[in-house]
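An overview of the molecular structure
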Amino acid sequence: MNRLANSTSPYLLQHANNPVNWYPWGAEALQKAKEENKLILVSIGYSACHWCHVMEHESFEDEAVAAVMNEYFVCIKVDREERPDVDQIYMSAVQLMSGRGGWPLNCICLPDQRPIYGGTYFRKNDWTSLLFNLADFYKTKPEEAEDYAVRLTDGIKQYESVAFVQEQPEYSKADFEPILKTWKRYFDEEEGGLGGAPKFPMPNNWLFLIRYAHLMQDENVAELAKLTLNKMAFGGIYDHIGGGFARYAVDGVWHVPHFEKMLYDNGQLLSLYAEAHTWHPDPLYKTIADEIISFVKRELTSPEFGFYSALDADSEGKEGKFYIFTKAEIEEMLGDEADLFCIYYHVTDAGNWEEEHSNVFFRREGDAEMAAILGLQVDDMLSRINASRKRVFEARSKRIRPGLDNKILASWNGLMLKGLCEAYRAFDEPAYLELALKNANFLTNKMLSGDKLLRVFKEPVLLPNGDHEPIATFLDDYANITDALIALYEVTFDEHWLITAKGIADYAILHYYDKHLGMFYYTADDDQHLIARKSEIMDGVIPASNSVMARNLKKLGLFFDQEDYHEISAQMLRNIVPHLAKYSTAYGNWTALLLDEIFGTYEVAITGDNYGSLRKELEQNYIPNKIILGGKKGTLPLLTDKFESNTRIYICKDKTCSLPVDNTADAVKQINN
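Read on for a plain summary of the structure. (Residues numbered from 1 in each chain as written. Predicted model: local features only at pLDDT ≥ 70, side-chain atom pairs only at ≥ 80, totals over all residues. Heavy atoms only, no water.)

Side note on the state of the cysteines
Inclusion rule: Cysteine sulfur pairs qualify as disulfides if the two atoms are within 2.5 Å. Only protein chains enter the accessibility calculation, which uses a 1.4 Å probe; a residue is then buried when its area is under 20% of its type maximum, exposed when over 50%, and partly exposed in between.
A complete count under the given rule lists 2 disulfides for this structure. In this model Cys652 forms its disulfide with Cys657; the gap between the sulfur atoms is 1.9 Å. The disulfide joining Cys652 to Cys657 has a torsion of about 100 degrees about its S-S bond and is therefore right-handed. Cys652 gets classed as buried once you look at its relative accessible area, which sits at 1%. Going through the protein chain in sequence order and numbering each bonded cysteine, the pairs you get are 1-2, 3-4. Free cysteine: Cys107, not disulfide-bonded; nearest cysteine sulfur from Cys109 at 4.8 Å.

Encoded structure:
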């Protein structure tokens, strides 16, 4: 076994028996490269990554390939989910070199970590040839290697950076015209989503577009958002048997998934479908939200109520094998009910996936439409379909399961915790809040020391010198946990959660914020220094940590009437606004903050004995630009002199409060006037 054998990362442990002399990222490997003047080979992936498994099997398990890697390189394996800072550096390098990125990510670096070449998946023969060529290049042309490393490292430092904007512009609704013009170039008006194949859910984009459609009264955007939500829920990207979404669809119609199921997607999609239901009530959205929670509770929840990271795409060495069925298998399982099930989920003898006769379940028709086609009552059809689903689920449960990545990451737990809070807000289901509270207690008791977070919940690794391996924590951990705890306060009115969120945000400001840049760095000021200290600016499949922090500070500034929070949030948005029209789809969460700036944020305080029921009533009205606070007691500035036994709702905005009312209808009128 190589040096990965003592790792706690499931991804690194997958490579512990490779003949490659892998090292984890750390001082030992980096020092070895310098002492022996060897190129560093950094290979980055994650445990649920299908093509990472393919390259491992083809190249890293091959003795001859490993011999080349060991002879000429110091080989370092990185779990991108544990060390996103390392991934960020080398992903930037590969995108600068090739215009694209992905995983596995393989980068060749000088002994001082500066990259000179990189790419994603390589076939075995191509990989071996590349390694020989790069080793020879470094030996025979070290000056050229040095020159290229200098230029590429300069590019990495400038990549995804923004200028400091001094002057505060006047924002208006007209600012959205060029921003939405760019969005609309990417809308798929037939299948929903953005662009063609592959199709990613991108929940933060659709949350913004729902809010935009509502506040700007844009029916075209509203209809496209509904189309997208329905198509994703009907497509094969959704697990119709066990609940939960796969990471993306490889095609343009949401049919064939890349089968890995990630906590971060499902947490965000839970928030999306919950909010969408309040915006546009639809039983489908409620079903999807409930099934996501059931999936996460069943398959991604630890005994301590931390949430695990992912389920693999592969089982028994084959992508998707756990999830796909032949029609013959369905007929054997369901007997007389098989025909209805196969029509409903488009199962055929020939199959609808790349493997012969195999089917990925998907839908095209709504329940009323399908029942009419079949000449059945909707309730009767659904009763039969649901009974069949349970039988298929039971049969599937006996198969060999996909691998579980049992890392518990602070950042991704924050996304799931917020999703649970949003689901409880929308559906008033006590079990959702119960799970949220258990997770929040786990996070604050096990992954928070003072105001400093742990990124990964694990036993610390003991190094050969007797020290413990330092565990870096990143801005997304602070951003997403703060966001989640704010959401938990808003559904409980327990100030403990909001005060904890404030402490975490203050720690992030102290150690990650640079007032001269007007942005947060992704790494802390006391972390190990890499070849560049980067900021995460652009929203991707997960919102950028800077955009989440900017929105957090906007809210915390209102809750605590703290001007410095407002100033930091406003500075961050000023820096980003010049980029919104050109690259709209990469700034969805930022543009949601711009919405709040233009439309303002309502501060809704509910106090008195009956605050709980009035909060629940009010939440049935879609008011995306609000914070909500209250209870029978509290210390927040906005609650001063607002406590009495009679329940009251106070609607405030821009430091001005309307007269208190005692019912939600009158409160909503004050907001809508």
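Back to the text.
Considering the sheet that holds strand S9 (residues 310-311)
Here is the rule we go by: The rule for pairing is simple: two strands pair if DSSP sees at least two bridges between them. Think of it this way: any DSSP run of H or I at least four residues long counts as a helix, any run of E at least two long counts as a strand, and we number them from the N terminus.
The strand order across the open sheet built from 3 strands is S8-S9-S14, with neighbouring strands paired in antiparallel fashion. In the strand order of this sheet, the two ends are held by strand S8 (261-262) and strand S14 (404-405), each with one partner.

Comments concerning the nonpolar core
Where a protein is soluble and globular, its nonpolar side chains tend to be buried together. The cut-off we apply is this: Among buried residues, those of type Ala, Val, Leu, Ile, Met, Phe, Trp, Tyr and Cys that are joined through side-chain atoms within 4.5 Å constitute a nonpolar core. Any two residues having at least one pair of non-hydrogen atoms within 4.5 Å are treated as being in contact.
Judged by nonpolar contacts, the single largest core of 191 residues is most densely connected at Met69, Trp127, Phe520 and Trp590. In contact with Trp590, other than residues within four places in its own chain, are Met519, Ile537, Asp539, Asn546, Ser547, Ala550, Met572, Leu573, Ile576 and Leu580. Val74, Val78, Val86 and Ile531 belong to the second largest nonpolar core, which has 25 residues in total.

Notes on unusual backbone geometry
Note the cis peptide between Trp103 and Pro104, where omega equals 5 degrees. Position of Pro104 relative to the elements: it lies in the loop between helix H5 (84-98) and strand S4 (105-109). Cis geometry marks the peptide bond from Ala197 to Pro198, where omega comes out at -10 degrees. By secondary structure assignment, the location of Pro198 is in the loop between helix H8 (176-184) and helix H9 (203-216). Here the phi dihedral of Glu316 falls at roughly 55 degrees; this positive angle occurs in a residue that is not glycine. Note on placement: Glu316 falls in the loop between strand S10 (314-315) and strand S11 (318-319). A positive phi angle, close to 55 degrees, is found at Asp654, a residue other than glycine. With respect to the secondary-structure elements, Asp654 resides in the loop between strand S21 (648-653) and strand S22 (656-657).

What to know about the environment of Cys52
Positionally, Cys52 belongs in helix H3 (residues 50-60). In this structure the C-alpha to C-alpha distance between Cys52 and Leu105, which are 53 residues apart in sequence, comes to 8.6 Å. Among residues more than four places away in sequence, those in contact with Cys52 are Tyr11, Gly45, Tyr46, Trp103 and Pro104.

Section: the pattern of salt bridges
Note the cut-off: The salt bridge definition used is simple: a Lys or Arg side-chain nitrogen within 4 Å of an Asp or Glu carboxyl oxygen.
All chains considered together, the criterion is met by 42 salt bridges. Where Glu299 meets Arg298, a salt bridge forms, and the shortest distance between an N and an O atom there is 2.8 Å. What makes Arg298 partly exposed here is its relative accessible area of 39%. Of the charged contacts in the structure, one is a salt bridge between Asp428 and Lys616, with a shortest N-O distance of 3.5 Å. Remark: Lys616 occurs in helix H24 (residues 611-619) and Asp428 occurs in the loop between helix H17 (410-427) and helix H18 (430-446); sequence separation between them is 188 residues.

Focus on the packing of aromatic side chains
So the rule is basically this: Pairs were defined over the aromatic rings of Phe, Tyr and Trp, the Trp ring being its six-membered one, requiring ring centres within 6.5 Å. Orientation was assigned from the angle between planes: stacked under 30 degrees, edge-to-face over 60, tilted for the rest. A ring has a charge above it when a Lys NZ or an Arg CZ is no more than 6 Å from the ring centre and no more than 35 degrees off the ring normal.
On inspection of all chains with the given rule, the structure shows 33 aromatic pairs. Plain terms: the ring middles of Phe60 and Trp127 are 6.3 Å apart, the flat faces sit at 70 degrees to each other, and that makes the pair edge-to-face. Separated by 67 residues along the polypeptide, Phe60 in helix H3 and Trp127 in helix H6 (residues 124-140) bring together distant segments of the chain. Each member of the pair, Phe60 together with Trp127, is buried. On the basis of an interplanar angle of 90 degrees and a centroid distance of 5.5 Å, the ring pair of Phe259 and Trp353 is categorised as edge-to-face. Here the residue Phe259 occupies a position in the loop between strand S7 (257-258) and S8, and Trp353 occupies one in the loop between helix H14 (338-344) and strand S13 (358-359), the gap between them amounting to 94 residues. The class of Phe259 is buried, set by a relative accessible area of 4%. In this structure Trp353 comes out as buried when scored by relative accessible area, which is 12%. Each residue in the set Phe176, Trp183, Phe187, Trp206, Phe208 and Tyr212 is aromatic and connected to the rest through ring pairs, giving one cluster. For Arg80, the ring lying beneath its charged end belongs to Trp103, and the centroid distance is 4.1 Å. Across the ring face of Phe560, the terminal group of Lys502 is positioned such that the distance to the ring centre comes to 5.6 Å.

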